[in-house]
Amino acid sequence: DYYNTLSKETIESIKEGMTDPEFRGYLKGNILKYILRYPYKGMPLKDLMKAEWYLKRLIEELKGDE
């Protein structure tokens, strides 16, 4: 329910507070976080899917440069 209380996605608010290189670094950091911890937290598929989500978002950000 808390996802529906804001007027926009949290990721968009995070992006607005950063430069493009900072935001891409944030995405990269989350990709690494989820990939590095997936064998250890007991939810490997969930963590890999989160890494995939951030990777797809990073790819979309980079497509904007082309």
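Residues numbered from 1 in each chain as written. Predicted model: local features only at pLDDT ≥ 70, side-chain atom pairs only at ≥ 80, totals over all residues. Heavy atoms only, no water.

1. Quick look at the packing of aromatic side chains
Which entries qualify depends on this criterion: Aromatic rings from Phe, Tyr and Trp, taking only the six-membered ring of Trp, are treated as a pair when their centres fall within 6.5 Å; an angle between ring planes under 30 degrees marks them as stacked, one over 60 as edge-to-face, and anything in between as tilted. Secondary structure elements follow DSSP: runs of H or I no shorter than four residues count as helices, runs of E no shorter than two count as strands, and numbering proceeds from the N terminus. Exposure classes here rest on a 1.4 Å probe applied to the protein chains alone. A residue is buried below 20% of its type maximum, exposed above 50%, and partly exposed in between.
Using the criterion set out here, one finds 4 aromatic pairs in the structure. Ring plane angle 80 degrees and centroid distance 6.4 Å describe the contact between Tyr26 and Tyr54, whose orientation is recorded as edge-to-face. Here Tyr26, found in helix α2 (residues 20-37), pairs with Tyr54, found in helix α3 (residues 44-63); they are 28 residues apart in sequence, far enough to count as distant. With a relative accessible area of 25%, Tyr26 lands in the partly exposed category.

2. As for the pattern of salt bridges
Rules: Any Lys or Arg side-chain nitrogen located within 4 Å of an Asp or Glu carboxyl oxygen qualifies as a salt bridge.
One pass over the structure, following the stated rule, counts 7 salt bridges. With its nearest N and O atoms 2.8 Å apart, the salt bridge here joins Glu16 to Lys8. Residue Glu16 is classed as exposed on the basis of its relative accessible area of 57%. Residue Lys8 is classed as partly exposed on the basis of its relative accessible area, which comes to 34%. Here Glu52 makes a salt bridge to Lys56, at a shortest N to O gap of 3.7 Å. Here Glu52 and its partner Lys56 are both found in helix α3, 4 residues apart, which amounts to about one turn of the helix. Classification of Glu52 as partly exposed rests on a relative accessible area of 39%. A network of salt bridges, in which partner residues are shared, links Glu12, Lys15, Arg57 and Glu61.

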